[in-house]
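Here is what each chain is made of, one letter per residue.
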Amino acid sequence: MCCIVDKAKNLRVTESDTHFSEFTGVHPSKIAQGKLNLLEVLMPKEREAVMQKLCKKNSPYVYLNFCIKNSNGEFVYMYCLGQNIENTTLCRLALADISQSRKKSEMLKKRADRMNRLVDLVEGGVCLYKVTQDMHFEAIYMNKACAKFFGAPADTIPSEAYRLDELIHPDDKSAVYQAVGNAMATKKPISMEARVMQDKEHFIWVKIDSAIQSIDSDGCPVFHAVFSDISKIKMAEQQADIERDAMVDMFKNLPGPLFTAKAKTPFILEIVSEDFIKLIGYSRKELFEGLGGDLTHLIVPEDAARAEQELIEGAKEGTTVKTVYSLKIKSGKIISIVDKRKVVGGVSTIGIIRDVSALIADEMLGL
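Parameters and conventions
- Sequence order as written defines the numbering, with residues in each chain counted from 1.
- Whole-chain, interface and lining totals are the exception, using all residues; otherwise, since this is a predicted model, local features are given only for residues with pLDDT of at least 70 and side-chain atom pairs are given and counted only at 80 or more.
- Values reported for side chains reflect all heavy atoms of the structure, with hydrogen atoms and water molecules removed beforehand.
- The nonpolar core is taken to be a set of buried Ala, Val, Leu, Ile, Met, Phe, Trp, Tyr and Cys residues, with the residues joined through side-chain atoms within 4.5 Å.
- For the exposure calls, accessible area comes from a 1.4 Å probe over protein chains only, and a residue counts as buried if that area is under 20% of its type's maximum, exposed if over 50%, partly exposed in between.
- Here a helix means four or more residues in a row that DSSP labels H or I, a strand means two or more in a row labelled E, and each is numbered from the N terminus.
- A helix is expected to span 1.5 Å for every residue after the first.
- Contacts were defined at the residue level, with two residues in contact if any of their heavy atoms lie within 4.5 Å.
- Paired strands, in this sense, are two strands between which DSSP finds at least two bridges.
- What counts as an axis is a line fitted to C-alpha atoms, over the stretch in contact for a helix, and the angles between N-to-C directions run from 0 to 180 degrees.
- Working definition: rings of Phe, Tyr and Trp (its six-membered ring) pair if their centres are within 6.5 Å, and the pair is stacked with planes under 30 degrees apart, edge-to-face with planes over 60 apart, and tilted otherwise.
- What pLDDT reports is the predictor's confidence in each residue, on a scale of 0 through 100.
- Cavity: a set of points on a 1 Å grid over the protein atoms alone where a 1.4 Å probe fits but cannot get out. Pocket: an open set with protein on both sides within 12 Å along at least five of seven lines, its lining residues, like those of a cavity, having an atom within 4 Å of a point.
- Grid points are joined across faces, edges and corners, and a volume is the space filled by probe spheres set on the points.
- Asp, Glu, Lys and Arg are counted as charged, while Ala, Val, Leu, Ile, Met, Phe, Trp, Tyr, Cys and Pro are counted as nonpolar; the rest, among them Gly, fall into the polar class.

Counting 29 residues, the largest nonpolar core has Tyr129, Met142, Phe150, Leu164 and Phe227 as the members making the most contacts within it. Broken down by secondary-structure element, the contributors of at least two residues to this core are strand 6 (125-131), strand 7 (137-142), helix 6 (144-149), helix 7 (170-186), strand 8 (190-199), strand 9 (202-215) and strand 10 (221-229). With 26 residues, the next largest nonpolar core counts Val26, Ile31, Val50 and Leu95 among its residues.

This brings us to helix 7. In this model helix 7 runs 25 Å from its N-terminal to its C-terminal C-alpha over 17 residues, within 8% of the 24 Å that 1.5 Å per residue would give. On its buried side, helix 7 packs onto strand 6, strand 7, strand 8, strand 9 and strand 10. One or two residues past the end of helix 7 sits Lys187, with phi positive at roughly 65°.

Let's shift gears to the sheet that holds strand 12 (residues 269-272). The sheet built from 5 strands is open, its strands ordered 12-11-15-14-13 with antiparallel pairing. Pairing within the sheet leaves two strands with one partner each, and these edge strands are strand 12 and strand 13 (320-328). Mean inter-strand twist for the sheet, computed between neighbouring axes without regard to direction, equals 30°. In this fold helix 11 (residues 301-313) packs onto strand 13 and strand 14 (334-344), with an angle of close to 165° to the strand it touches most, strand 13.

Okay, the pairing of strand 13 next. Looking down a regular strand, the side chains alternate between one sheet face and the other. Bridge count between strand 13 and strand 14: 9 bridges; the pairing is antiparallel. When the bridges of strand 14 are listed, Leu327 appears paired with Ile335. Counted between consecutive antiparallel strands, the loop separating strand 13 from strand 14 contains 5 residues, among which Gly332 sits at a positive phi close to 95°.

Of note, Ala96 is situated in strand 5 (residues 90-97). In sequence terms Ala96 and Leu81 are 15 residues apart; their C-alpha atoms lie 8.9 Å from each other.

A few words on the packing of aromatic side chains. Applying the stated criterion across every chain, the model contains 5 aromatic pairs. Seen from their ring centres, Tyr129 and Phe223 are 5.2 Å apart, and the 5° between their planes marks the pair as stacked. Placement of the pair is Tyr129 in strand 6 and Phe223 in strand 10, with a sequence separation of 94 residues. With a centroid separation of 5.5 Å and 90° between ring planes, the pair formed by Phe267 and Tyr325 is classed as edge-to-face. Taken together, the residues Phe267 in the loop between strand 11 (258-262) and strand 12 and Tyr325 in strand 13 connect sequence positions 58 residues apart. Overall, Tyr325 belongs to the buried group, its relative accessible area being 3%. Among the aromatic residues, those joined into a cluster by ring pairs are Tyr129, Phe137, Tyr177 and Phe223.

Attention now moves to the confidence of the model for the chain. Per-residue pLDDT for the chain averages 84, and the proportion of residues at 70 or more is 85%. Residue range residues 118-122 is modelled with pLDDT below 50. Its contacts to residues more than four positions away, or to other chains, number 8 contacts.

What follows concerns empty space enclosed by the protein. A complete count under the given rule lists 1 cavity of 30 Å³ or more for this structure. As a volume, the largest cavity reaches approximately 140 Å³. Looking at the largest cavity, it is lined by 13 residues, and the ones nearest its centre are Phe137, Ile168, Val176, Ile208 and Phe227. If you list the elements that add at least two residues to the lining of the largest cavity, you get helix 7 and strand 8. Among the residues forming the lining of the largest cavity, the class breakdown is 13 nonpolar, no polar and no charged.

As structure tokens, then:
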């Protein structure tokens, strides 16, 4: 809608189209008689600012926003383009209702503010980062927890360039670059663990879950990511590994062909002693990497299913279960085995195997 106002007469409306007349509820004849002043329908607090902008010298065009009262007495937010008519005190105004877009913008801003407050409450580090053409990981946004992870003041993002790739532990950089490159090529998400620098001498372990969120105007991908501090978990795992290695070393050196296995998978071996390795003739690497620790590869086929069933059915807490089967060792010789196990913890077994081939041969000869 349009109207013409006279700046010399306190913004009196001298002409208008029917849309402006209908919007304000003032009949065209009254507008023609000079009965309407623009200031009268403006929000009081905006009147002075509108007057100053429209009356500014050497400004052929003026752009401004203000609220104007409609025929129902409600203020509606308008975008206004003012064109000063040369050699006159008149200004032609073109008005557009932008109240809905303003409401939507305010609603989105409030929603974004709420989301930011919620994100800041998340204990994990939430981050947006851009992967540049030089494979630099430039932080665009960090919540407070993420800024703390990387030792960065939260208010430096995005006002200052902050490169996450410079904070990755040197031993983990190759794996991280490979994961990001794979995500860029396949569009698949990233889920991995790595160490990041928290200060000059301190690295922490983090779980990284990340994926491409969008593509920037320069064609570079923008990733969203969540970083979770898993330092305590990693320390516990490392301690558990140390304890397990100690137990394995001790078990390996125990006398006799000993082994451990789960009660439900009795022939998938977990740990074996040196005497066990010597008995079967295969190296530890051949057993666990070549055969997958699966003893059924060495048991003669007609014995395997029966022996496994006997061990599973007899596996009860605190009990001892026994079976016999024939085993083909590395030399190609088939030996007779007595397999005896103790069930511990309800789920695991500790066992020992014994070569009884000579005893069976003696029995068969009647000795």
